Amino acid sequence: QQKVQQSPESLTVSEGAMASLNCTFSDGTSNNFRWYRQHSAKGLEVLVSIFSDGEKEEGRFTAHLNRANLHVSLHIREPQPSDSAVYLCAVSMPNTGKLTFGDGTVLTVKP
Amino acid sequence: DMKVTQMPRYLIKRMGENVLLECGQDMSHETMYWYRQDPGLGLQLIYISYDVDSNSEGDIPKGYRVSRKKREHFSLILDSAKTNQTSVYFCASIQNTLYFGAGTRLSVL
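Nothing here was measured: the structure is a model prediction, and the numbers come from that model.

Chemist: So what about the overall build of chain A? Which residues, and what values?
Modeler: Counting secondary structure elements, chain A contains 0 helices and 11 strands. Scanning chain A from its N terminus toward the C terminus, one meets helices and strands in the order β-β-β-β-β-β-β-β-β-β-β. Radius of gyration (C-alpha) of chain A: 13 Å, near the 13 Å computed for a compact globule of 111 residues. Once the C-alpha set of chain A is aligned to its principal axes, its extents read approximately 45 × 30 × 20 Å. In chain A, which comprises 111 residues, the share counted as buried stands at 45%. Counted over contacts in chain A with a minimum sequence separation of 6, partners at least 24 positions apart contribute 55%. Surface exposure of chain A reaches about 5200 Å², of which carbon and sulfur atoms provide 46%.

And the structure:
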C-alpha cells in the first residue's frame, strides 16, 4: 500500500522568505504528483501538478520531482501571510488511479 | 465553470441512522472519489468510482457503500452510522486535474 509522508509537520517562515515542503512516497511506479493547500477545513485548492522528473512552476509555487529518490518537494517563493494553510501532497498510481494524500504540513507565514 | 458540488454541507445524525451524502460534477469526469478527513490522519480514501456502476474500495471502505448510477452523481451511504464516522467528507472528480467539492461536515451523535 502506498505510503505518503510529508515533512515537516509544521513550518513557520517570515514573509518573503522561501518556504520548502517535502513529500516522500513509497511506490516507485507512482506517476502523478500534486500539491494542494487547504484553508481551515475548506475545500482543496490545487497548486501544481507534476508528472515527470524535474521542475514545474506555477506562479510562486515550484514543484521538484525526483522519482528515483521517491521525493517531491514544493517551494513557495515570497510567501505571504495569506499563504498560511495546510499543504497536502497527493500521489497517484498509474493503473488504479488511486490517489493517496500525505498528512499535510501546516505553514504559517509571519508578517 | 467546472464544479464539484456536495450536499449537504453540514449534517447531524444520531448513531444508527442512515446517512446519504451526495456529490455532483458537471464535467463528465469518469473517475470520482470519496475521502474523509480527520485531524492527524489527513485525507483517507474511502471509495473510487471509475464510471457508472464501476466502483472500487479505497483504503477505509468498512462501514460505507457507494452508488453511481449516473456519471454526474456519486453518492456515499452510511448504513447505521457510528460515532466514529464523524468527520469531514470530500468528494472529488478527476480528468488530469483533480477537482474537490467543498466538503460535508458530518456529526454522528
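Next comes the rest of the account.
Chemist: Residue-level account of the interface of chain B and chain A, with values.
Modeler: If you look at the interface, chain B gives 20 residues, while chain A gives 17 residues. Between chain B and chain A the total buried area reaches about 1400 Å² when both faces are included, carbon and sulfur atoms providing 52% of it. Looking only at chain B, the three residues that lose the most surface to chain A are Leu 43, Asp 59 and Leu 98 of chain B, adding up to 28% of its buried area. The interface formed by chain B and chain A contains 1 salt bridge. Put simply, Lys 98 of chain A and Asp 59 of chain B hold a salt bridge, and the shortest N to O gap is 2.5 Å. Linking chain B with chain A are 4 residue pairs in polar contact (both at pLDDT 80 or more), by the criterion used here. Elements with a minimum of two residues in the side of chain B that touches chain A: strand S4 (31–38), strand S5 (42–51), strand S9 (87–95) and strand S10 (97–100) of chain B. Residues of the side of chain B that touches chain A, tallied by class, amount to 12 nonpolar, 6 polar and 2 charged.

Cut-offs used in this document
Here, residues in each chain are numbered from 1, in the same order as that chain's written sequence. Labels follow written order: the first chain is A, the first ligand is 1, and so on. Local features in a predicted model are, by the rule used here, given only for residues with pLDDT of at least 70; side-chain atom pairs are given and counted only at 80 or more, and totals for whole chains, interfaces and linings are based on all residues. Hydrogens and water molecules were not included; the side-chain quantities draw on all heavy atoms of the structure. Runs of E in the DSSP output that reach at least two residues are strands. Runs of H or I that reach at least four are helices, and both are numbered from the N terminus. Radius of gyration here uses only the C-alpha atoms, and the compact-globule reference equals 2.2 Å multiplied by the residue count raised to the power 0.38. Burial classification: accessible surface area is computed with a 1.4 Å probe over protein chains only, and a residue below 20% of its type maximum counts as buried, one above 50% as exposed, and the rest as partly exposed. Whether two residues touch is decided by their heavy atoms; if any such pair falls within 4.5 Å, the residues are in contact. Here the Shrake-Rupley method, with its probe set to 1.4 Å, supplies the accessible areas, and only the displayed protein chains count as covering residues. Buried area counts how much accessible surface, traced with a 1.4 Å probe, disappears from two parts once they are put together, with both parts' losses summed. The salt bridge criterion pairs a side-chain nitrogen of Lys or Arg with a carboxyl oxygen of Asp or Glu, the two atoms within 4 Å. Any N or O atom pair separated by 3.5 Å or less is treated as a polar contact, with the protein-specific requirement of one donor-capable and one acceptor-capable atom, and with residues adjacent in sequence counted only for side-chain atom pairs. Gly is put with the polar residues, along with every residue not named as nonpolar or charged; the nonpolar set is Ala, Val, Leu, Ile, Met, Phe, Trp, Tyr, Cys and Pro, and the charged set is Asp, Glu, Lys and Arg.

The analysis is restricted to geometry; functional conclusions fall outside its scope.
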